[in-house]
Amino acid sequence: MFPYERVKLLNQLELSIYKYIIAHPVEVEGMTIRQLAKKSHVSPTTILRFLRKMDFDGYSEFKYALKRQQKMEVERPEKQTNVPMSQFFDQVNDDQFWGKIKQAAQFITDADTSLIFGLGTSGSLAQYGARLLANYGIYTLSIIDPFQPKPLARRNFSDTLLILLSVSGETPQVLQQAKFYQENGAKTMAITANRYSTLAQLVDFNISYNVPEVRMADLNLTSQIPVVFLLEQIGIKAHKDLLNVAQVQKDSIF
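It should be emphasised that the depicted structure is a prediction, and the values quoted were computed from it without experimental measurement.

### Topic: the overall build of the protein
Point 1. The secondary structure content of the protein amounts to 12 helices and 7 strands.
Point 2. Taken over the C-alpha atoms alone, the protein extends approximately 65 × 45 × 30 Å along its principal axes.
Point 3. Burial statistics for the protein: of 254 residues in total, 44% are counted as buried.
Point 4. Taking all contacts inside the protein whose residues are at least 6 apart in sequence as the whole, residues at least 24 apart take part in 69%.
Point 5. Only carbon and sulfur atoms are counted for the fraction: they give 53% of the accessible area of the protein, which is about 13,900 Å².
Point 6. For the protein, the distance from the average position of its 28 positive side-chain charges to the average position of its 25 negative side-chain charges is 4 Å.

### What about the sheet that holds strand β3 (residues 160-166)?
Point 1. With respect to topology, 5 strands assemble into an open sheet ordered β2-β1-β3-β4-β5, the strand pairing being parallel. The outermost strands of the open sheet, each flanked by one partner alone, are β2 (140-143) and β5 (205-208). In this sheet, neighbouring strand axes are inclined to one another by 20° on average, regardless of whether the strands run parallel or antiparallel.
Point 2. Relative to β2, strand β1 (residues 113-117) is paired through 4 bridges, and the arrangement is parallel. Bridge pairing links Ser-114 to Thr-140 in β2.
Point 3. Docked against the sheet, helix α9 (residues 121-135) engages β1, β2 and β3, running at close to 170° with respect to β2.
Point 4. Strand contacts of helix α10 (residues 172-183): β1, β2, β3 and β4 (187-192), with the helix running at about 170° to β3, the strand carrying the most contacts.

### Looking at the environment of Val-42
Point 1. Examined against the element boundaries, Val-42 turns out to sit in the loop between α4 (33-39) and α5 (44-53).
Point 2. Judged by relative accessible area, Val-42 falls into the buried class, the value being 13%.
Point 3. Sequence separation of Val-42 and Ser-16 is 26 residues, and the distance between their C-alpha atoms is 8.4 Å.
Point 4. Look past the residues within four positions of Val-42 in its chain and what remains in contact with it is Leu-13, Ser-16, Ile-17, Ala-37 and Ile-47.

### What about the nonpolar core?
Point 1. The biggest cluster of nonpolar side chains holds 31 residues, and the ones touching the most others in it are Ile-108, Ile-163, Leu-165, Ile-191, Tyr-209 and Leu-230.
Point 2. Among the elements of the structure, α7 (83-89), α8 (95-110), α9, β3, β4, β5 and α12 (225-253) are those that each provide at least two residues to this core.
Point 3. Residues Val-7, Ile-22, Ile-33 and Phe-56 belong to the second largest nonpolar core, which totals 24 residues.

Rules behind the numbers
Residues numbered from 1 in each chain as written. Predicted model: local features only at pLDDT ≥ 70, side-chain atom pairs only at ≥ 80, totals over all residues. Heavy atoms only, no water. Helix = DSSP H or I, 4+ residues; strand = E, 2+ residues; numbered from the N terminus. Buried < 20%, exposed > 50% of the residue type's maximum accessible area, 1.4 Å probe, protein only. Contact = heavy atoms within 4.5 Å. Areas by Shrake-Rupley, 256 points an atom, 1.4 Å probe, with all protein chains shown as cover. Lys, Arg positive; Asp, Glu negative; His and termini not counted. Charge placed at Lys NZ, Arg CZ, Asp CG, Glu CD. Pairing = 2+ DSSP bridges. Axes fitted to C-alpha atoms, helices over the stretch in contact; angles between N-to-C directions. Core = buried A, V, L, I, M, F, W, Y, C linked by side-chain atoms within 4.5 Å.

Read these as geometric descriptors, not functional statements.
Rendered as structure tokens:
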């Protein structure tokens with residue numbers, strides 16, 4: 001319904017509309033444009049601009065297409081909960097997406113040491129990512145304690161890469177870690193769900209998977225499938241690059 005080649009061109013407000021719709025398709029089907037504007041915290045004019053970018057002539061045409069899609073998903077209910085993931089995996093066929101994977105792998109191969117930081121579920125994924133990269137022969141450590149005392153003396157982290165995992169990209173402890181390592185010379189990379197987040201703007205390099213956040217009270221239940229996928233693809237590419245470098249060095253000796 002929303003082609004990825006169009007989604008990647010959305011601005012911050014338009015992206016918030018996109019995320020709200022794919023997270024609440026059933027509710028949106030019964031909303032007026034003003035109700036949708038209120039829920040997604042934008043103006044009706046912004047919604048119309050978003051729909052034009054998605055190749056709809058107006059709100060009525062969009063509602064008809066949404067109703068038709070919902071009818072198809074009622075007939076195949078197992079697909080309904082997969083909508084955000086199918087939107088994410090639409091990116092896999094995009095050259096720009098794979099270009100980001102290559103860039104991320106380059107950051108890793110250029111560093112002597114990689115550190116992965118995350119809190120909560122992202123902390124568990126930081127541990128997974130560190131072990132994954134270590135399996136590929138890349139020296140990587142995970143940091144999951146934001147209260148670990150910082151060294152009194154300035155450190156030189158110019159050969160270090162800090163990878164930060166954060167769904168919202170707005171967690172204060174994550175932003176503090178990014179700033180501390182940047183101030184001490186490290187390169188920083190983020191994997192977030194929002195390319196317009198503070199973290200995404202702060203780091204040297206960012207990959208955003210742009211799926212809607214799912215919350216229940218203080219718990220963040222957003223799917224972490226994209227994060228696992230990205231970590232694995234980046235690890236595979238970095239491993240291949242390191243093998244190629246090693247082969248070139250071996251050939252130069254002989």
